[in-house]
Protein chains: 2
Amino acid sequence: MSVGRETRLSAWIERFAAHFAEEGIPLIGGRILGYLLVCQPTERTAAELSQELEASSGSISTNLKFLVNAGLVTKRTRRGRQAAQYRINEKRWVDMIQRKLDALVSVRELTESGMRLMSGDPERAMRLRTVDDLYTWLATELPAVWERRPSSSR
Amino acid sequence: MSVGRETRLSAWIERFAAHFAEEGIPLIGGRILGYLLVCQPTERTAAELSQELEASSGSISTNLKFLVNAGLVTKRTRRGRQAAQYRINEKRWVDMIQRKLDALVSVRELTESGMRLMSGDPERAMRLRTVDDLYTWLATELPAVWERRPSSSR
DNA sequence: CTATGGCTTCAGTGTCGACCGAAGTGTCGG
DNA sequence: CCGACACTTCGGTCGACACTGAAGCCATAG
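A quick note: this is a predicted structure, and the numbers were derived from the prediction, not measured. (Residues numbered from 1 in each chain as written. Chains lettered and ligands numbered in written order. Predicted model: local features only at pLDDT ≥ 70, side-chain atom pairs only at ≥ 80, totals over all residues. Heavy atoms only, no water.)

1. Comments concerning helix α1 (residues 5-22) of chain A
The end-to-end C-alpha distance of α1(A), which contains 18 residues, comes to 26 Å, matching closely the 26 Å that a straight helix rising 1.5 Å per residue would cover. Looking at the buried positions of α1(A), the neighbouring elements they touch are α2 (27-38) and α5 (93-105) of chain A together with α5 (93-105), α6 (107-117) and α7 (122-147) of chain B. One or two steps after α1(A), the chain reaches G24(A), where phi turns positive at roughly 100°. (Helix = DSSP H or I, 4+ residues; strand = E, 2+ residues; numbered from the N terminus. Expected span 1.5 Å × (residues − 1). Contact = heavy atoms within 4.5 Å.)

Pasting the structure below:
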């Protein structure tokens with residue numbers, strides 16, 4: 001008795017959501033992302049997501065708002081009293097990754113200001129200096145990598 | 001009336017801890033890291049940290065255990081009933097950053113298995129493919145950057 | 001063996017955030 | 001103006017986790 005593709009996709013969505021949950025994204029938000037990445041057709045209404053993912057309308061609403069705001073999901077409204085359609089905006093995924101890398105590099109501002117507080121005491125600054133050097137290196141390398149990205153046209 | 005260096009360092013430690021708190025490191029753990037990066041002398045006992053950071057002995061113990069386990073802090077024991085000394089292990093900071101980058105890249109395993117589930121339906125796989133391509137690129141570029149790191153001898 | 005001191009463990013407390021579902025808001029057709 | 005529908009907002013609940021402080025554990029000195 002083999003397992004259907006849709007069943008395996010459900011399991012995949014769940015793993016997908018679990019991964020992002022560890023990074024602080026609400027479970028339901030991660031499920032929406034995973035689902036919208038693979039569903040057919042590509043667009044869904046909030047009500048459909050609520051039923052498909054077995055989440056309350058409130059949770060769907062809150063998370064969709066968050067994802068639309070982050071740019072990862074696009075809302076398409078239609079004339080009449082029709083429900084809005086939501087679809088993944090996979091082109092913006094790169095922005096999310098950039099934000100993560102920026103957050104990593106931003107520690108450098110902290111280490112720099114710490115180094116300034118230490119000026120005049122090189123001995124004491126040694127430990128911080130090791131860390132500061134590391135972040136300084138990251139801050140010069142990572143943006144350079146980003147430039148080399150295929151179609152970094154935006 | 002100017003502010004003393006130690007006072008400003010306290011404020012810096014607090015900002016330092018606040019930054020890592022956003023990344024999921026307990027506030028007290030972040031304070032320990034910041035403090036051990038700049039304190040003079042460089043080594044402290046658990047009791048001293050408890051007093052200096054105004055945290056309970058239990059919290060200090062739990063967080064030191066976590067930090068020692070992560071490799072960021074080194075425990076030095078001494079003969080006699082003397083308290084153990086803790087100091088920052090700034091050389092291991094690079095490991096922490098590597099772990100972060102690895103976590104970022106590891107999403108690729110998810111997108112890959114998702115792509116496999118989609119094989120035979122290129123149309124439907126298009127959205128996931130965009131994301132998968134991005135992580136595949138990251139997975140090839142980031143380790144290469146890491147190799148170029150000054151004294152990546154480890 | 002006993003007392004001392006230092007760290008660890010653990011039960012209890014408080015806070016925070018995700019989630020639910022019902023009530024509310026807004027919009028459109030009739 | 002009213003009814004229907006879709007989404008949003010909000011109070012309430014639940015679980016997770018950081019933190020505390022006291023009790024427990026272990027090693028050492030005497």
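The discussion continues.
2. A few points about the domain arrangement of chain A
Its domain assignment divides chain A into domain 1 (5-88) and domain 2 (95-147). Spacing between the C-alpha centres of domain 1 of chain A and domain 2 of chain A amounts to 36 Å. (Domains from an automatic or database assignment.)

3. Focus on the pattern of salt bridges
Enumeration according to the criterion identifies 19 salt bridges over all chains in this entry. Close ionic contact of R76(B) with E43(B) constitutes a salt bridge, the shortest N to O distance being 2.6 Å. Of the two residues, R76(B) sits in strand β1 (residues 73-76) while E43(B) sits in the loop between α2 (27-38) and α3 (46-52), which places them 33 residues apart along the sequence. Judged by relative accessible area, E43(B) falls into the buried class, the value being 15%. Taking the shortest distance from any N to any O, the salt bridge between R87(B) and E43(B) comes out at 2.8 Å. Of the two residues, R87(B) sits in strand β2 (residues 85-88) while E43(B) sits in the loop between α2 and α3, which places them 44 residues apart along the sequence. The network of salt bridges with shared partners includes E43(A), R76(A) and R87(A). (Salt bridge = Lys/Arg side-chain N within 4 Å of Asp/Glu carboxyl O. Buried < 20%, exposed > 50% of the residue type's maximum accessible area, 1.4 Å probe, protein only.)

4. As for the protein's contact with DNA strand D
If you check the shell around DNA strand D, you find 22 residues, and the closest are S61(A), A84(A), L27(B), S56(B) and S59(B). Here, DNA strand D places atoms within 4 Å of the protein, and 75% of those atoms are sugar or phosphate. S61(A) is positioned with one of its side-chain polar atoms (N or O) 2.7 Å from a phosphate oxygen of DNA strand D. Here I28(B) contributes a backbone N or O atom positioned 3.4 Å from a phosphate oxygen of DNA strand D. Here the surface near DNA strand D is composed, by residue class, of eight nonpolar, nine polar and five charged. (Near = heavy atom within 4 Å. Polar contact = N/O pair within 3.5 Å; in protein donor to acceptor, adjacent residues only side chain to side chain. Nonpolar A, V, L, I, M, F, W, Y, C, P; charged D, E, K, R; others polar.)

5. Side note on the relation of the copies chain B and chain A
The two copies are related by a screw motion: chain B maps onto chain A through a turn of 180° and a shift of 0.0 Å along the axis, at an RMSD of 0.1 Å. What the rotation and shift describe, once combined, is the action of a two-fold rotation axis. The overlap is high: 100% of the interface residues of chain B also sit at the interface in chain A, so the same surface is used on both sides. (Least-squares fit on C-alpha atoms with pLDDT ≥ 70 in both.)

6. A short note on the side chain of R44(B)
All names here are of chain B. Position of R44 relative to the elements: it lies in the loop between α2 and α3. Under the relative-accessibility criterion, R44 is labelled buried at 11%. Within polar-contact distance, the side chain of R44 engages the side chain of Y35 at 2.3 Å. Engagement of the side chain of R44 in a polar contact is seen with the backbone oxygen of P41, the distance being 3.2 Å. Beyond its immediate chain neighbours, meaning those up to four positions away, R44 contacts Y35, L36, C39, L49, A84, Q85 and Y86.

7. Structural notes on the packing of aromatic side chains
To describe a pair of aromatic rings, one takes the distance between the centres and the angle between the planes. All names here are of chain A. Within the structure shown, the criterion is met by ten aromatic pairs over all chains. Between the aromatic rings of W12 and F16, the centroid separation amounts to 5.0 Å while the plane-to-plane angle is 35°, which identifies the pairing as tilted. Of this pair, W12 and F16 both sit in helix α1, four residues apart, which is roughly one turn of that helix. Each of the two residues, W12 as well as F16, counts as buried. Summarising the aromatic geometry, the rings of F16 and W93 are spaced 6.2 Å apart at their centres and angled 55° between planes, so their arrangement reads as tilted. In this pair, F16 sits in helix α1 while W93 sits in helix α5, placing the two residues 77 residues apart along the sequence. (Phe/Tyr/Trp six-rings, centres within 6.5 Å; stacked < 30°, edge-to-face > 60°.)

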